[in-house]
Amino acid sequence: MGSFSIWHWLVVLVIIVLVFGTKKLGSVGKDLGSAVKGFKDGLKEGEEGEKKPAEKEVGRVIDNDKS
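An unreviewed UniProt entry lists the chain under the name Sec-independent protein translocase protein TatA, with Deefgea chitinilytica as the source organism. Its UniProt record gives the chain the following Subcellular location (unreviewed entry) comment, quoted word for word: "Cell membrane".

Pasting the structure below:
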């Protein structure tokens with residue numbers, strides 16, 4: 001009773017296409033895809049940025065001799 005059948009979703013999809021048009025929906029899809037891709041790339045850069053300083057500090061020797 002609470003769920004919709006496939007026919008309900010098809011009618012909703014047809015109404016959305018009629019209201020917005022296919023060009024507008026296509027551009028929204030492209031924008032959404034590029035936003036998701038940019039978000040994933042940002043996460044990868046953030047993970048790489050966290051790893052690189054830690055790797056650099058492993059081989060670093062600090063000499064505290066002030067003679």
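Participant: How do you make sense of the overall build of the chain when you look at a structure like this?
Facilitator: Helices and strands together make up the secondary structure of the chain, namely two helices and zero strands. Within the span of the chain, comprising 67 residues, buried residues form 0% of the whole. Working note: accessible area of the chain is about 6700 Å², and carbon and sulfur atoms make up 64% of it.

Participant: Help me understand a negative patch on the surface in this model?
Facilitator: A surface patch of negative charge is lined by D41, E45, E47 and E48. With respect to the secondary-structure elements, D41 resides in helix α2 (residues 22-58).

What counts and how
Residues numbered from 1 in each chain as written. Predicted model: local features only at pLDDT ≥ 70, side-chain atom pairs only at ≥ 80, totals over all residues. Heavy atoms only, no water. UniProt positions renumbered as here; feature names shortened; annotations may be inferred. Helix = DSSP H or I, 4+ residues; strand = E, 2+ residues; numbered from the N terminus. Buried < 20%, exposed > 50% of the residue type's maximum accessible area, 1.4 Å probe, protein only. Areas by Shrake-Rupley, 256 points an atom, 1.4 Å probe, with all protein chains shown as cover. Patch = residues over 30% accessible without salt bridge, like charges linked within 9 Å, V, L, I, M, F, W, Y side chains within 5 Å. Salt bridge = Lys/Arg side-chain N within 4 Å of Asp/Glu carboxyl O. Lys, Arg positive; Asp, Glu negative; His and termini not counted. Charge placed at Lys NZ, Arg CZ, Asp CG, Glu CD.

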